[in-house]
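# Structural characterization, general
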Amino acid sequence: MKHTAISFLDTPIGKLKIIGDELAIKLVAFTDEEERSTDGKVPVVVRNCKFQLKEYFEGKRKEFDVPLDPDGTEFQKEVWQELLQIPFGRTSTYAKQAIKLGDLKKNRAVGTANGKNPIAIIIPCHRIIGSDGSLTGYAGGLERKEWLLKHEHSLPGFNQLKLFG
């Protein structure tokens, strides 16, 4: 039986709730929830996730290598897998993501799947912007999205975004 652990991390843009087990991370989400401890030992995967997120916020990490196992439909998982291909410091659009998944008409569905991403930052849905270069919705709030893009040096100015794909 897998031991699921809940851990929290304070960041410059709010508290993150991290849920995982011995095998993978299931959730990384911004929260206002009161911290509580998990019964038993926190699995190595969860501790590594916290460590890597700390390094990311300190500007020392651009890629994550913790195993992920987000819950979602097959289509959502395809979209999230595609998000993992967008490198640090780059952005993409819903339209480009839909085309990579084989159908521009999936634009809206891609946007919906992005909005249901349960693993913030590591699965970088914050790197998706509007086709016109505008910031689009972000479950963590647009202020956090803007902060993350500036942190990754991919938001020097809305007209100078470094598009990927």
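Residues numbered from 1 in each chain as written. Predicted model: local features only at pLDDT ≥ 70, side-chain atom pairs only at ≥ 80, totals over all residues. Heavy atoms only, no water.

### Section: the sheet that holds strand 3 (residues 25-31)
Through backbone hydrogen bonds, the strands of a sheet pair up, either in parallel or in antiparallel fashion. The strand order across the open sheet formed by 3 strands is 1-2-3, and the pairing between neighbours is antiparallel. Since the sheet does not close on itself, it has two edges, and those belong to strand 1 (5-11) and strand 3, each with one partner. The average angle at which neighbouring strand axes cross in this sheet is 20°, direction not considered. Summarising the sheet, strand 1 and strand 2 (residues 14-20) pair through 7 bridges and their orientation is antiparallel. Across the sheet, Ala-5 pairs through a bridge with Gly-20, a residue of strand 2. Its contacts with the sheet put helix 1 (residues 44-57) on strand 1, strand 2 and strand 3, and the angle it makes with strand 1 is roughly 10°. (Pairing = 2+ DSSP bridges. Helix = DSSP H or I, 4+ residues; strand = E, 2+ residues; numbered from the N terminus. Axes fitted to C-alpha atoms, helices over the stretch in contact; angles between N-to-C directions. Contact = heavy atoms within 4.5 Å.)

### A look at helix 4 (residues 107-115)
Those residues of helix 4 that sit buried are Val-110, Gly-111, Ala-113 and Asn-114. Along the axis of helix 4, the buried positions cluster into a sector of 165°, meaning they face one direction only. Buried residues belonging to helix 4 abut helix 2 (74-83), helix 3 (94-100) and strand 5 (128-129). (Buried < 20%, exposed > 50% of the residue type's maximum accessible area, 1.4 Å probe, protein only. Arc of directions from axis to C-beta.)

### Details of the environment of Gly-14
Relative to the assigned elements, Gly-14 resides in strand 2. The spatial distance from the C-alpha of Gly-14 to the C-alpha of Arg-144 is 8.6 Å, given a sequence separation of 130 residues. Beyond its immediate sequence surroundings of up to four residues, Gly-14 is in contact with Leu-9, Phe-30 and Arg-144.

### Some details on the environment of Ile-18
Looking at the element boundaries, Ile-18 is found in strand 2. Those residues in contact with Ile-18 that lie beyond four places of it in its chain are Ala-5, Ile-6, Ser-7, Leu-9, Ile-25, Leu-27, Val-28, Val-46, Cys-49, Lys-50 and Leu-53.

### Comments concerning the layout of surface pockets
Rolled over the atoms, a probe sized like a water molecule indicates the empty space that remains. Estimated volume of the largest pocket: approximately 260 Å³. The wall of the largest pocket is formed by 14 residues, among which Lys-62, Glu-63, Phe-64, Leu-84 and Ile-122 lie closest to the centre. (1 Å grid on protein atoms, 1.4 Å probe; cavity = no way out; pocket = protein on both sides within 12 Å on 5 of 7 lines; lining within 4 Å. Points joined across faces, edges and corners; volume = space filled by probe spheres on them.)

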